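Topology and contacts: notes
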Amino acid sequence: MAFTVKDGRLVRDGKPVKFVASPFIGGGFANPPRIAVIHFTGGGTAMSSANWFADRSRPPASGSSAHVVIDRDGSIVQCVALDRVAWHAGRSSWRGLVGLNGHSIGIELANYGNLRAIGGAWAGPSDRVVANPLLAIHRNGNPDGSRHPIGWEPYPAAQIDATHELMALLVARGVSEVVGHDDIAPVRKCDPGPAWNMAAFRERVFGGRREDGDNVKIVLPDAGLFLRAGPDVSHAKVREAAFARGTQVRPLRRDGDWLEVTVLQNGAPVATGWMRSNYLGDPTESVEEMVLDEAPVPRAGEGLG
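Residues numbered from 1 in each chain as written. Predicted model: local features only at pLDDT ≥ 70, side-chain atom pairs only at ≥ 80, totals over all residues. Heavy atoms only, no water.

As for the overall build of the protein chain
Check the secondary structure of the protein chain and you find 4 helices and 22 strands. Relative to the 2.2 N^0.38 estimate, which gives 19 Å for 305 residues, the radius of gyration of the protein chain is 21 Å and therefore close to what a compact globule would have. For the C-alpha atoms alone, the extent of the protein chain along its principal axes is close to 65 × 45 × 35 Å. Taken over 305 residues, the protein chain has a buried fraction of 49%. Expressed as a percentage of contacts within the protein chain between residues at least 6 apart in sequence, the contacts between residues at least 24 apart total 64%. Entry remark: accessible area of the protein chain is about 14700 Å², with carbon and sulfur atoms responsible for 51%. On the protein chain, the mean spot of the 33 positive side-chain charges and the mean spot of the 33 negative ones are 8 Å from each other. (Helix = DSSP H or I, 4+ residues; strand = E, 2+ residues; numbered from the N terminus. Rg over C-alpha atoms; globule rule 2.2 N^0.38 Å. Buried < 20%, exposed > 50% of the residue type's maximum accessible area, 1.4 Å probe, protein only. Contact = heavy atoms within 4.5 Å. Areas by Shrake-Rupley, 256 points an atom, 1.4 Å probe, with all protein chains shown as cover. Lys, Arg positive; Asp, Glu negative; His and termini not counted. Charge placed at Lys NZ, Arg CZ, Asp CG, Glu CD.)

Printed below as a string of structure tokens:
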């Protein structure tokens, strides 16, 4: 599938994308937008969110919009022409820019986001139970103020693929960066949240030196390694069990002796958090070749970090 644009409106495989116009928009961009911002809707279908953006009964002061909403099955509804400013970013800043509405394309993904615990399950609005949620602590802090892992609705492959296809068009039109709402408005916003692997998505969109292999490290100690919510042992464990020796992780950023990583299982992201960098190594290394802390190495199953 491929996208083109005609008069600011998306065309997908030769057919115009459904357009539900929002009145909550600005004028044309002063300069071509270079940034795409990913959001989650916090609600049900893409159409329900598009209809909410189009609701003229709301006062302009509380109005909002986005250029597109992408449903869980990959279908897309457009709400604002790509050459007009949408009201999706709010109070925001990024790399010296203030007020990202005038500099970015807003992409909403139909997704409940952070879920509520109901008995032994995790649910979205109207107590809709979500199967197989990702349990994680948001890197900027959980929106409910908790310090333990909470449930987040996963993003289906069809939705990720459609977002990638749209990004291919936007990159061709000059977009050079993709960020989350939680990047440009940290603490105030938590979308798209830990279930959206932004590092992997950026790599997929903008490419990299694939001939050199994936940028992964592995857990080295026999005892395994804990994943924590922050770069220090004082932070809560993302899960109680340690990740076993040989578990693959993809580094995201460094803070002193700690790395923020995405844990991979069968190549798919399952959790994001922090691990001690000196207990991680290249897949060809072994724990015996690493310089570890002077503290005694725990027995298998007790975990490090």
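Some thoughts on the pairing of strand 12 (residues 104-109)
In terms of burial, strand 12 is a largely internal element, 6 of the 6 residues being buried. Here strand 12 shows no split at all, with Ser104, Gly106 and Glu108 on one side and Ile105, Ile107 and Leu109 on the other all buried. Of the strand pairs in this sheet, strand 6 (residues 35-40) and strand 12 are connected by 6 bridges, and their pairing is parallel. Pairing of Ala36 across the sheet is with Ile105, part of strand 12. Alignment of strand 7 (residues 68-70) against strand 12, held across 3 bridges, turns out to be parallel. In the sheet register, Val68 faces strand 12, and the bridge partner there is Ile107. (Pairing = 2+ DSSP bridges.)

Any functional reading would require information beyond the geometric quantities listed.
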